[in-house]
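Single-letter residue listing:
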Amino acid sequence: MKVKKWKLAVFLLPCLLLFALIYLIPLCMVFGSSFFEWRSGGVFRFVGLGNYMQAFLHDTRMHAAIVNTIIWVLLQSIVHVGIGTVIAFMLSRKLRGWKVLRTIYMIPNVISAAALGVIFLNVFNPKYGLINSAISQITGSAFEKNWFFEQSSAFMTVTWSWLLYTGMIIILVLAGILAIPGDLVEAARIDGASEMEINFKVRLPLIRTILGTSVILAATSMLREFELIYLTTNGGPGETTLNLPLYLYKTSMTDNNYGYANMMGVVLILAGILTVYAINRLFRMNEADY
Amino acid sequence: MKKLLAMALAGVLMLGALSGCGGQSGSADSPSSGGNSGTKVVEVDFPTHWVGVSVNAPWFQERLAAFNEQYGDQIKINVEEIAGDQNYVDKMKVLYSSNSLPDAINTGGYNLIDSMKDQLVVLNDYIDDDFQKVGTDIAWEVNSRDGQIYGIPYTRQVIGYFYNKDLFAQAGIDKPAETWDEFFAQCDKLLAAGITPLSMDTADSGWVTSLMLGAMVGQTDSGEAFMNQNLPTDYNFPEFVDAVANIQKMFQKYTTSDAVGGAYENAASNFFMEETAIIANGPWMVSDFYDETLVEPGFADRVGTAMFPGGVMYNSGKIGFNIASKDPETLEATLTFVKFLSNEESQQRMLEITGDIPSMEGITSSEVKPLINEVIANGDAAAHCINDFQSLWYANVVDEISIQYPLLAQGKITPEQFAKALSDVAAKN
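Residues numbered from 1 in each chain as written. Chains lettered and ligands numbered in written order. Predicted model: local features only at pLDDT ≥ 70, side-chain atom pairs only at ≥ 80, totals over all residues. Heavy atoms only, no water.

**Q** Teacher, can you tell me more about the overall build of chain A here?
**A** Assigned secondary structure in chain A consists of 14 helices and two strands. With the C-alpha coordinates of chain A rotated into their principal frame, the extents come out at 75 × 75 × 35 Å. By sequence separation, contacts in chain A at least 24 residues apart represent 66% of the contacts at least 6 residues apart. Counting 22 positive and 15 negative side-chain charges, chain A places the centres of these two groups 9 Å from one another. (Helix = DSSP H or I, 4+ residues; strand = E, 2+ residues; numbered from the N terminus. Contact = heavy atoms within 4.5 Å. Lys, Arg positive; Asp, Glu negative; His and termini not counted. Charge placed at Lys NZ, Arg CZ, Asp CG, Glu CD.)

Now the structure itself:
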């Protein structure tokens, strides 16, 4: 049945209007105001590419935020997705208790970031935290490392608060593995392939698009990561754990420099588009295998 | 029929979406009719952080009930609860950027006047000589810019430090130090007695720590002038760098292991549990000394008050209520509400309930806890009266303190670099 175009338009209109009001118009405002010096107190003047020049040529804090963001995107895309994939493959063997384990891995994903921040601050507390207490018990001497606030360990400790919690990746990859037609695996088995070879040469290539989706989710989550850093280190010590979203927030809310903050917003949006495009190309997301 | 239903559904969805975006609820701009007498009830929007565990929450609830009893048939206060003063300040900034500040604002001392005064009401025409008495000259001065009044004071800052008399006695200390050299000698005595001398923090602007920092800066005339300067931009001067060097020493030698990264709550908890001997803070903390869910029975009797060495006390005005009403009728109602919360009776109840010192001179009460009177007496006797950094420094400088303190504590930066970092951030404004 052929649907008339005007009817399609009428049904799409509510969604398009909402999109325009909530995303499109603010996006245009963010993009436009990134070329202005816009501060509290009524300061609003056109500066062209001034904000961008300042950010990329002179602002060392911006450079640190970009580097940290890139490192976290890479770690999340490779290590986080890698760990989740390995666990998903282990669970796909459906050994005893696999459903319980799958649920356990999801628990950190259902706890709010605010609660997680408080939990991690307590776990890594130098005075009474679980980690230091355990080390003190094992070594028999007082251990009071300040994990979140020593420059040598802050980045790693913040990274720990999300890197290992791969519940979402496990669910996605596991669903992909379980959806692989049994006859393909059976054929490989008849051809004499070992279980390891089947995993690497049959299952893994066949879940390529699922892996791509997982990497997109993981990478873009790091372009949006804010709460856990804000609640634990607030970007410190110094700039050790500063990332772009947090720097944007601080520039807007404490520097009251809205134009510069919106420039960062534009950088983040472009970084997101570029990341998604690159991952789509890398994983050939628009090609189906079966 | 199906087509008609589908079209109607699409229409309803669209209208729903639009009405959700454009709806107004309880707008302060549109006075509504109400009340039994048929008189016009003007609505006033007042977001507040005096909620939940805030020490001011009981006072606010009491005063709001009293206001409603007196003015409830004419003015309706729309209270929006926002937990945490920092969240409150952030929300005000968002509302400012969209030109939609509420009618009445109270930040609890954070200075939003300088960044938002273009949207605040200048109050000079609404303050008569009689009402002027709710605050001392310095209290009004802190709330004014270039002779224009942007805030109505209701309280003032009087801050020194508290010490544990038992722990002092254990270390052989008989009275608080009068000079900073003596103070550090006492810290060494406490350490020698196995007692951690100081409660400190770094998170949320490192309130407790920064009070010590400001007190050290303010012990000279020029330092005192700096600590009373609005929005300073240059922190590279000897008094400040020397004070930062002392703070570095305090972090490295005289405080608990959870000070770096810890918030006020950690610092207070260490003092309550008698793990530290000294904490800098204001008299609003006194009510906690009697709260047996926080401290051992009789703890308050073991606490003494002191002014900072060099005769320094935080003793100054504090940012009060700001008003941003946009029409005369709402402005009048907002002024009635704010003046009610700032009047003599409200200030007296605040002193009794929270321990906050009134901005009006001469308010006393027999219900006030003795330690609060000691703090007031210390403030009156101080040789150098300074204002607190949260009221006067740029918000981004206050935030920068939190992320530079850990580096300072670990010796990753020098006091000079700390001062430069604050100056660099202040220059961004």
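**Q** In this structure, what is going on with the interface of chain B and chain A? I would like to understand it.
**A** By a frequent convention, interface size equals the accessible area lost on bringing the separate parts together. Contacts between chain B and chain A engage 38 residues on the former and 37 residues on the latter. Of the roughly 3,100 Å² buried where chain B meets chain A, counting both sides, 58% is carbon and sulfur surface. If you look at where chain B meets chain A, you find four salt bridges. Asp255(A) serves as the salt-bridge partner of Lys428(B), at 3.9 Å between the closest nitrogen and oxygen. Summed over the shared surface of chain B and chain A, the number is 15 residue pairs in polar contact (both at pLDDT 80 or more). Ranked by residue count, the leading element in the side of chain B that touches chain A is helix 1 (residues 2-22) of chain B, at nine residues. Within the side of chain B that touches chain A, the residues separate by chemical class into 16 nonpolar, 12 polar and 10 charged. (Buried area = accessible area lost by both parts, 1.4 Å probe. Salt bridge = Lys/Arg side-chain N within 4 Å of Asp/Glu carboxyl O. Polar contact = N/O pair within 3.5 Å; in protein donor to acceptor, adjacent residues only side chain to side chain. Nonpolar A, V, L, I, M, F, W, Y, C, P; charged D, E, K, R; others polar.)

**Q** I tried to follow a nonpolar patch on the surface on my own but got confused; where do I start?
**A** All names here are of chain A. A grouping of Leu18, Phe19, Leu21, Ile22, Tyr23, Leu24, Ile25, Leu27, Met29, Ile269, Leu270 and Ile273 is seen on the molecular surface, where their side chains present a nonpolar patch of about 1,100 Å² in accessible area. Going through the elements one at a time, helix 1 (5-33) and helix 14 (258-282) are the ones with two or more residues in the nonpolar patch. The leading source of residues in the nonpolar patch is helix 1, at nine residues. In this structure Leu270 comes out as exposed when scored by relative accessible area, which is 52%. (Patch = residues over 30% accessible without salt bridge, like charges linked within 9 Å, V, L, I, M, F, W, Y side chains within 5 Å. Areas by Shrake-Rupley, 256 points an atom, 1.4 Å probe, with all protein chains shown as cover. Buried < 20%, exposed > 50% of the residue type's maximum accessible area, 1.4 Å probe, protein only.)

**Q** Is there a simple way to think about helix 10 (residues 195-206) of chain A in this case?
**A** For the α-helix, the turn length of 3.6 residues means that residues three or four positions removed from each other point alike. Residue and element names in this part refer to chain A. Listed as buried for helix 10 are Ile198, Asn199, Val202, Arg203 and Leu206. All buried residues of helix 10 lie within an arc of 130° about the axis, which places them on one face of the element. The exposed residues of helix 10 that point more than 90 degrees off its buried face are Met196, Phe200 and Lys201. Its buried side turned inward, helix 10 meets helix 3 (60-91), helix 8 (167-178), helix 9 (182-190) and helix 11 (208-224). (Arc of directions from axis to C-beta.)

**Q** Explain the sheet that holds strand 4 (residues 104-106) of chain B here, please?
**A** Across a sheet, paired strands are connected by hydrogen bonds in the backbone, their directions being either parallel or antiparallel. All names here are of chain B. In spatial order, the strands read 4-13-7; together these three strands make up an open sheet with antiparallel pairing. The outermost strands of the open sheet, each flanked by one partner alone, are strand 4 and strand 7 (151-152). As judged from the two bridges shared by strand 7 and strand 13 (residues 321-323), these two strands associate in the antiparallel manner. Counted as the bridge partner of Gly151 is Asn322 from strand 13. (Pairing = 2+ DSSP bridges.)

**Q** For this particular structure, what's the right way to read the pairing of strand 11 (residues 303-306) of chain B?
**A** Each regular strand shows side chains that alternate between the opposite faces of the sheet. Residue and element names in this part refer to chain B. Neither face of strand 11 is open: one carries Val303 and Thr305, the other Gly304 and Ala306, and all of them are buried. Note that strand 8 (residues 155-164) and strand 11 share four bridges and pair antiparallel. The residue of strand 11 that forms the bridge with Tyr161 is Ala306.

**Q** What is the right way to look at the pairing of strand 3 (residues 75-81) of chain B in this model?
**A** Residue and element names in this part refer to chain B. Direction of pairing for strand 2 (residues 40-48) relative to strand 3: parallel, over a ladder of seven bridges. Looking across to strand 3, one finds that Thr48 is bridged to Glu81. Handedness of the strand 2-helix 2 (residues 57-71)-strand 3 crossover: right-handed. (Right-handed = clockwise from strand over helix to strand, strands pointing away.)

**Q** Whenever I open this one, unusual backbone geometry confuses me. Can you help?
**A** Residues apart from glycine generally show negative phi values, whereas peptide bonds are mostly found in trans. Between Gly236(A) and the following residue, Pro237(A), the backbone shows a cis peptide bond with an omega angle of -5°. Positioned with a positive phi, Asp204(B) is a non-glycine residue whose angle comes to about 50°. With respect to the helices and strands, the residue Asp204(B) is situated in the loop between strand 9 (196-198) and helix 8 (207-217). Located in the positive-phi region is Glu274(B), a residue other than glycine, with phi close to 60°. Among the secondary structure elements, Glu274(B) is positioned in the loop between helix 11 (264-272) and strand 10 (276-281).

**Q** Any chance you could explain empty space enclosed by the protein here in plain terms?
**A** Where empty space is left in the structure can be found by rolling a water-sized probe over the atoms. Applying the stated criterion across every chain, the model contains one cavity of 30 Å³ or more. Reported here for the largest cavity is a volume of approximately 100 Å³. Residue lining of the largest cavity: 13 residues in total, with Arg61(A), Tyr247(A), Lys250(A), Asp399(B) and Glu400(B) positioned closest to the centre. For the lining of the largest cavity, the secondary-structure elements that each account for two or more residues are helix 13 (244-253) of chain A together with helix 17 (395-409) of chain B. Element by element, the count of residues in the lining of the largest cavity is highest for helix 17 of chain B, at four residues. Tallied by class, residues from the lining of the largest cavity come to four nonpolar, three polar and six charged. (1 Å grid on protein atoms, 1.4 Å probe; cavity = no way out; pocket = protein on both sides within 12 Å on 5 of 7 lines; lining within 4 Å. Points joined across faces, edges and corners; volume = space filled by probe spheres on them.)

**Q** In this structure, what is going on with the packing of aromatic side chains? I would like to understand it.
**A** Aromatic ring pairs are reported here in terms of the distance separating the ring centres and the angle at which the planes meet. Scanning all chains against the criterion turns up 59 aromatic pairs over all chains. Here Phe120(A) and Tyr165(A) contribute two aromatic rings whose centre-to-centre distance is 5.9 Å and whose plane-to-plane angle is 45°, an arrangement assigned as tilted. One end of the pair, Phe120(A), is in helix 5 (residues 113-123); the other, Tyr165(A), is in the loop between helix 7 (154-163) and helix 8, and 45 residues separate them in sequence. Ring geometry for Phe289(B) and Phe299(B): centres 5.7 Å apart, planes at 70°, overall edge-to-face. Within this pair, whereas Phe289(B) is found in helix 12 (residues 286-289), its partner Phe299(B) is found in the loop between helix 12 and strand 11, the two being separated by 10 residues in sequence. The exposure classification of Phe289(B) matches that of Phe299(B), with both residues buried. Pairwise contacts between aromatic rings join Phe46(B), Trp50(B), Trp59(B), Phe60(B), Phe67(B), Tyr71(B), Tyr154(B), Phe321(B), Phe337(B) and Phe340(B) into one cluster. Here the guanidinium or amino end of Lys145(A) rests over the ring plane of Trp147(A), the centre of that ring lying 5.8 Å away. Between Lys339(B) and the ring centre of Phe131(B), over which it is positioned, the NZ or CZ distance is 5.1 Å. (Phe/Tyr/Trp six-rings, centres within 6.5 Å; stacked < 30°, edge-to-face > 60°. Lys NZ or Arg CZ within 6 Å of the ring centre and 35° of its normal.)

**Q** In this structure, what is going on with the pattern of salt bridges? I would like to understand it.
**A** If the charged atoms of two oppositely charged side chains come close together, the side chains can form a pair. Residue and element names in this part refer to chain B. Following the criterion strictly, the structure yields 25 salt bridges over all chains and no others. Salt-bridge contacts for Arg302 lead to Glu274; the nearest nitrogen and oxygen are separated by 2.5 Å. Of this pair, Arg302 sits in the loop between helix 12 and strand 11 while Glu274 sits in the loop between helix 11 and strand 10, and the two are 28 residues apart along the sequence. Take Glu274: its relative accessible area is 21%, and that puts it in the partly exposed class. Taken together, the salt bridges that share partners define one network made up of Glu62, Arg63, Glu345, Arg349, Glu352 and Glu367.

**Q** Would you mind showing me how to read the nonpolar core here?
**A** It is characteristic of soluble globular proteins that their nonpolar side chains tend to be buried jointly. With 149 residues, the main nonpolar core has Phe183(B), Met212(B), Phe240(B), Ile247(B), Met250(B), Phe289(B) and Trp393(B) as its most contacted residues. The element best represented in this core is helix 3 of chain A, accounting for 10 residues. Filtering out sequence-adjacent residues up to four positions away, Trp393(B) remains in contact with Phe226(B), Met227(B), Leu231(B), Pro232(B), Tyr235(B), Phe240(B), Val398(B) and Ile401(B). With 30 residues, the next largest nonpolar core counts Phe60(B), Leu123(B), Val134(B) and Val338(B) among its residues. (Core = buried A, V, L, I, M, F, W, Y, C linked by side-chain atoms within 4.5 Å.)

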